[in-house]
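What follows is each chain in one-letter form.
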Amino acid sequence: MKFTRLQTRLVVLFAGLFCLAMLLTGAVVYMEISKNAARTVRSELQTSGIVFDRLWEMRSSQLRDSANLLARDFGFREAVATRDEATVRSALDNLRNRLDLHLAFIVGMDGAITGLDTPIDADRATALWTALDSQENAAGVIAIADQPYQAISAPIMSPTLSGWVVFATRLDAAEMRRLEKLSSIPLQATVVQRNGDGAWAPVRGEKAFADAAGLHRFIDAALGRADGSARELQTINGRAIALAKPLADLGGGEHSALLLRYPLARALAPYQPILVAVVLVGLIGVAMVIGGSWLLARGVTRPIIALDAAAQRLRHGADVSVPVETNDEIGRLAGTFNAMATEIRTRERTITHLALHDSESGLPNRVALRNFAEASLRENAGGVTFVAALGVDRFHQVRSAIGYTLANTLVREIGDRLGRRHASTRVARLATSVLGFVFEASDTEDAQRFAAALQADLDQPIRLNGDSVDASVTIGLAAHEAGKTTESIIDRASIALDQARAGRRKIAVFDAEAYGDPTSNLSLTSDMMGAIASGGLSIHLQPKFDLRRGAVTGAEALLRWRDPRRGMVPPDLFIGMAEETGHIRPLTDWVLAQAIRTQAMLREDGHDLAIAVNISGRLMNDQDFAERAIDMVRSARARICFEITETAVIDNPDVALRLIDLYAAAGISISIDDYGSGLSSLAYLKQIRADELKIDKAFVLSLAQSHRDALLVKSTIDLAHSLGLKVTAEGVESAEALAVLQTMGCDLAQGYFIGRPMPVGDFIHFMRNAGARAQRA
């Protein structure tokens, strides 16, 4: 049995130990009482055996005297000598009645028996005569008709031996009862005889033995011991102390024995009250031990149970303590538990604070902002819950100027200022330079007005260590929508901040349409790489028209992807994704290989054109790509032009300029793409070993209408020519723009007016009809 309660286990343990001790005590007491009783009974049996011996001797002496007296009587001897049977019988009967004898008879010299009414078989008669003849005054046990008798004999001399007179007393149950009465203890006396099978059996008139075999073994063993001591006898009726004394036969031998028995249970009967008292004392002691153990266990386990209950509540975060009632181990344990609970509460508060606050600024963190938003949604009184992401402008430059410590102080001061001036807002730090806060507004316009007022308050100098630091912020807003989590609202606010900065606005609301569906682009890169192997990618060629020669002298290879699920995927989407994920290298390798193969096809068709391939700025620092690209171009003897943006050189100009020199030395033309749209630098323009400069289409599209754009384009053409560069104008979509470019001295034109990007097969067909198209131009 398994006990789950300590109190029960203690009670069972103490009660069990006490019961075990009482059982051992009872067993020892019982064993000692049994030993003492057995010792007493054994002594009594020995005494009874001695008494029996003395009685046997007295009876034998008495019978012998009477027999001798009769044998010496003259008249009796004469009657025996004259064979006067009537006189002999009369004398024997008279003496038997007077001496209370059971048998009195005469055995003649010829073996004839006179005076015995009970028949005796011939073998026994012969054995009797032999015993009388061989022994003087023979005495012992004689069996007549299976009944044992104590017998003595006396010779009849008249004057010579003429026979023997035999007196016998029956050894029956009545005789044994008289013997039992002479003992101080109520023993059981029985005369046993060997039967025809050699086994011991009680005499006639006695009950048969229930365990004859066991008794037989005991008597044989007892008669075989020289000391004749009493021994313990185990029968099927129980334990007993027994003594077996041999009874010599009249003719010698031991075919009879006296068995004295005394049941041990009867010997223990006087001690029964003592044993009952021991049992009662033990039961009372067990009850007292159980009661005392229960009280003790309750005293021990009650504070432990209280500690367990407190520990359970502590596990669920409750503020608990237990009373210290004693100065023992339990009391010290309770005190230690209270100290531990206090430490745990302190650590939990510390951990909770760390989990909900930014370690650098001490402001609440993103998790806390999420909790703020959830609380605002629960407490909303009818307005719309908004999350704002407030970004500190030029934070990295400011941090570089004032250091990390003061930069964190700056962020904290902005958050504190926001909290002081607009107590209803709940501020948290989302990123290094981004704060977030939650507020309520009636609609989007109201939220924008609130954000504008907030921005005006925050766009004020902040004093740090006595110095004034200018701080400006940009704010992105996101409203809660049904079905959206608070985490997604925070993400949208951060995205709105990025959208505001990208659009050079100070405040922006999350634009889901502009953001698109980013989840559909999660597998875009793997699908794109699979499209390379499956043929889903292709290149389109857009012609480049030579204004001086009036013919198409080149083309730009543009990558296109038709996905089975998405349809045509915009190049800006998957190329930008390839740059972010590091897959732009294999993508560019594939485009370059296709451009080389396409140029060979065009050459076979009679059109020796230079093919331009766009090279990502991520590859302008890749030495391995440069070496592979040069090997591919050289082995194919292809006319390839690499179009790069000026900004691609800015990140690592030394490496980029060295690779450009390698390309140029290998015969690969270099074209500066999208000139004028980025951070154009005359310094880098001077250092880049380029062959061509492409004017961004933003200046060409309104060339015929804008005098300013025309002036910028003309000055750029003149600048490029002065540096020895050819000029290609992108975005030529009208004859007027083409005519203006020709008058300005532009070298090449590219745009929808010349030709849209088209598959290779269509481009070959276009080139075959280029003459007619040139004439129309």
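Since the structure is predicted, the reported quantities are computational estimates derived from the model, not experimental observations. (Residues numbered from 1 in each chain as written. Predicted model: local features only at pLDDT ≥ 70, side-chain atom pairs only at ≥ 80, totals over all residues. Heavy atoms only, no water.)

(A) Structural detail: the overall build of the protein. Counting secondary structure elements, the protein contains 26 helices and 27 strands. Since a compact globule built from 777 residues should have a radius of gyration of about 28 Å, the 67 Å found for the protein marks it as more spread out than a globular shape. When the backbone C-alpha atoms are referred to their principal axes, the protein occupies close to 200 × 75 × 45 Å. Of all 777 residues assigned to the protein, the portion counted as buried reaches 43%. Contacts in the protein between residues far apart in sequence, at least 24 positions, make up 63% of those at least 6 positions apart. On the protein, roughly 40200 Å² of surface is accessible, and the fraction owed to carbon and sulfur atoms is 54%. In the protein, 84 positive and 90 negative side-chain charges are present, and the distance between their average locations comes to 2 Å. (Helix = DSSP H or I, 4+ residues; strand = E, 2+ residues; numbered from the N terminus. Rg over C-alpha atoms; globule rule 2.2 N^0.38 Å. Buried < 20%, exposed > 50% of the residue type's maximum accessible area, 1.4 Å probe, protein only. Contact = heavy atoms within 4.5 Å. Areas by Shrake-Rupley, 256 points an atom, 1.4 Å probe, with all protein chains shown as cover. Lys, Arg positive; Asp, Glu negative; His and termini not counted. Charge placed at Lys NZ, Arg CZ, Asp CG, Glu CD.)

(B) Focus on the packing of aromatic side chains. In this structure the tally under the stated criterion is six aromatic pairs. Taken together, a centroid distance of 5.0 Å and an interplanar angle of 85° make the contact between Phe 642 and Tyr 663 edge-to-face. Taken as a pair, Phe 642 in strand β22 (residues 640-645) and Tyr 663 in helix α20 (residues 653-665) lie far apart in primary sequence, 21 residues in all. Take Phe 642 and Tyr 663: they sit in the same class, and that class is buried. Among the aromatic residues, those joined into a ring-pair cluster are Phe 386, Phe 437, Phe 439 and Phe 450. (Phe/Tyr/Trp six-rings, centres within 6.5 Å; stacked < 30°, edge-to-face > 60°.)

(C) Local environment of helix α18 (residues 584-604). Between its first and last C-alpha, α18 extends 30 Å over 21 residues, near the 30 Å set by a 1.5 Å rise per residue. Immediately beyond the C-terminal end of α18, within one or two residues, lies Gly 606, with a positive phi of roughly 95°. (Expected span 1.5 Å × (residues − 1).)

(D) Structural context of the sheet that holds strand β13 (residues 434-441). The strand order β12-β13-β11-β16-β17 describes an open sheet built from five strands, whose pairing is mixed. With partners counted over all chains shown, the strands left at the sheet margins are β12 (426-431) and β17 (507-509), one partner each. Pairwise comparison of adjacent strand axes, ignoring direction, gives a mean angle of 25° for this sheet. Inspection of the sheet shows strand β11 (residues 384-392) paired to strand β16 (residues 473-479) by seven bridges, in the antiparallel sense. (Pairing = 2+ DSSP bridges. Axes fitted to C-alpha atoms, helices over the stretch in contact; angles between N-to-C directions.)

(E) Here's a closer look at the nonpolar core. Counting residues in each nonpolar core, the largest one holds 82 residues, and the members touching the most others are Leu 587, Leu 592, Ile 640, Phe 642, Tyr 663, Leu 741 and Phe 763. Among the elements that take part in this core, α18 stands out by supplying eight residues, more than any other. If near-sequence neighbours (up to four positions away) are discounted, Leu 741 is found in contact with Leu 547, Val 700, Leu 703, Val 713, Ala 729, Val 732 and Cys 746. Leu 390, Phe 395, Leu 418 and Phe 437 belong to the second largest nonpolar core, which has 29 residues in total. (Core = buried A, V, L, I, M, F, W, Y, C linked by side-chain atoms within 4.5 Å.)

(F) View of the packing of α18 against helix α25 (residues 760-768). Close contact between α18 and α25 brings their axes to 11 Å; oriented N to C, the two are set at 30°. On the basis of the axis angle, α18 is roughly parallel to α25. The handedness of the crossing between α18 and α25 is right-handed. Where α18 abuts α25, its residues Thr 598, Met 601 and Leu 602 lie against Val 760, Phe 763 and Ile 764. Classifying every residue of the contact of α18 with α25 by side-chain character gives five nonpolar, one polar and no charged. (Parallel < 35°, antiparallel > 145°, perpendicular 65-115°, else oblique. Left-handed = near helix turned anticlockwise from the far one by under 90°. Nonpolar A, V, L, I, M, F, W, Y, C, P; charged D, E, K, R; others polar.)

(G) Up close: the environment of Ala 199. Within the fold, Ala 199 resides in the loop between β6 (188-194) and β7 (200-202). Under the relative-accessibility criterion, Ala 199 is labelled partly exposed at 25%. The spacing of Ala 199 and Leu 537 is 338 residues in sequence and 118 Å in space, taken between C-alpha atoms. In this structure Ala 199 touches Gln 193, Arg 194 and His 216, once residues within four positions along its chain are discounted.

(H) Spatial organisation of the pairing of strand β10 (residues 256-263). Within β10, seven of the eight residues are buried, which leaves the element mostly enclosed by the surrounding structure. With six bridges connecting them, β6 and β10 associate as antiparallel partners. Residue pairing in the sheet places Val 192 in a bridge with Ala 257 of β10.

(I) Seen up close, the layout of surface pockets. Looking at the largest pocket, its volume works out to about 1300 Å³. Considering the residues around the largest pocket, the lining is formed by 37 residues, among which Glu 556, Leu 558, Asp 572, Asn 614 and Asp 673 are closest to the centre. Those elements that place two or more of their residues in the lining of the largest pocket are β19 (551-563), α17 (571-581), α18, β21 (610-614), β22 and β23 (669-675). Class assignment for the residues of the lining of the largest pocket results in 15 nonpolar, 10 polar and 12 charged. (1 Å grid on protein atoms, 1.4 Å probe; cavity = no way out; pocket = protein on both sides within 12 Å on 5 of 7 lines; lining within 4 Å. Points joined across faces, edges and corners; volume = space filled by probe spheres on them.)

(J) Molecular detail of the sheet that holds strand β1 (residues 103-108). Taken together, five strands build an open sheet; the order of strands is β2-β1-β5-β4-β3 and the sheet is antiparallel. Edge positions in the sheet fall to β2 (113-114) and β3 (139-144), since each has one partner strand and no second. Taken together, the two bridges between β1 and β2 define a ladder with antiparallel strand orientation. When the sheet's bridge partners are listed, Val 107 is paired in β2 with Ile 113.

(K) Structural context of unusual backbone geometry. Although it is not a glycine, Asp 100 adopts a positive phi angle of roughly 55°. Positive phi is not limited to glycine here, since Arg 394 has a value of about 55°. One can find Arg 394 in the loop between β11 and α11 (395-402).

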